[in-house]
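Secondary and tertiary structure notes
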Amino acid sequence: ACYKKRLITTFDEQLDSALSKLEPVQDIDAIAWTMTDENYSHDMIHDVWEMNNEIVGFPNTFFFLALDEFTLKLACEHGYPVVAAPGLIQGNKKAEAGNEESLKELVQSTKFIVSRALVDKGKNFFFFEMDCWFLKSPLKKLRQQSADYLVSAHQWHPQGGNIGIFSVRANERTKELF
């Protein structure tokens, strides 16, 4: 039922439904999310769920964005909060066809589409990619955040931003950003 419902429900309706079930981390009023496809989901979805709940610090306030049908089915089977990517709902099979460039484009565009949707809904959020592993919770740093947009540094280029991990406060400036 979960899987079929996601394929016939609009992205906005799915996002609203998922958000209504999440309990934002109170003192920072934020939720967390990640996006994934079969390449990561098949052997990491459970570990990322557990890491989020036990280390990252966003239990009951985290959702997966599924980029393909495999991930959507897997998340539904295990009862994880999941939203189908807009391209998946529209029947976009490019990422599933194994085309690496299409997948890269899908990930880049979807990251910004979802970020903008969350900001439009007034939701502060913390995003991390599936291949980012935490040894300790980022909540202490997030609580100290005064910026509207906080982005991690890249390990190979510490002066440059890495949008694999970022935090956003929903306001007019971040609407403009996205």
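Residues numbered from 1 in each chain as written. Predicted model: local features only at pLDDT ≥ 70, side-chain atom pairs only at ≥ 80, totals over all residues. Heavy atoms only, no water.

Under the defined criterion, the tally for this structure stands at 19 aromatic pairs. Taken together, a centroid distance of 5.6 Å and an interplanar angle of 15° make the contact between phenylalanine 62 and phenylalanine 128 stacked. Of this pair, phenylalanine 62 sits in strand β2 (residues 62-66) while phenylalanine 128 sits in strand β4 (residues 124-128), and the two are 66 residues apart along the sequence. Summarising the aromatic geometry, the rings of phenylalanine 112 and phenylalanine 178 are spaced 5.7 Å apart at their centres and angled 50° between planes, so their arrangement reads as tilted. Taken together, the positions of phenylalanine 112 in helix α6 (residues 100-120) and phenylalanine 178 in the segment after α8 (172-177) put the pair 66 residues apart, joining distant regions of the chain. A residue is classified by how much of its surface remains accessible, and phenylalanine 178, at 17% relative accessible area, is buried. Three or more aromatic residues joined by ring pairs form one cluster here, namely Trp33, Phe63, Phe112, Phe125, Phe127, Tyr149, Phe166 and Phe178. The ring of tyrosine 3 is capped by lysine 73, whose NZ or CZ atom sits 5.0 Å from the centre of that ring. (Phe/Tyr/Trp six-rings, centres within 6.5 Å; stacked < 30°, edge-to-face > 60°. Helix = DSSP H or I, 4+ residues; strand = E, 2+ residues; numbered from the N terminus. Buried < 20%, exposed > 50% of the residue type's maximum accessible area, 1.4 Å probe, protein only. Lys NZ or Arg CZ within 6 Å of the ring centre and 35° of its normal.)

What follows concerns the sheet that holds strand β3 (residues 82-84). Here we have six strands laid out as an open sheet, ordered β3-β2-β1-β4-β6-β5, and mixed in their pairing. Pairing within the sheet leaves two strands with one partner each, and these edge strands are β3 and β5 (149-154). With strand direction ignored, the average angle separating the axes of adjacent strands in the sheet is 35°. Running at roughly 170° to β3, helix α2 (residues 11-21) makes contact with β1 (30-36), β2 and β3 of the sheet. (Pairing = 2+ DSSP bridges. Axes fitted to C-alpha atoms, helices over the stretch in contact; angles between N-to-C directions. Contact = heavy atoms within 4.5 Å.)

Let us now look at the environment of cysteine 2. Here cysteine 2 is to be found in helix α1 (residues 2-8). Separated by 103 residues in sequence, cysteine 2 and glutamate 105 have C-alpha atoms that sit 27 Å apart. Contact partners of cysteine 2, with chain neighbours within four places excluded, come to Cys76 and Val82.

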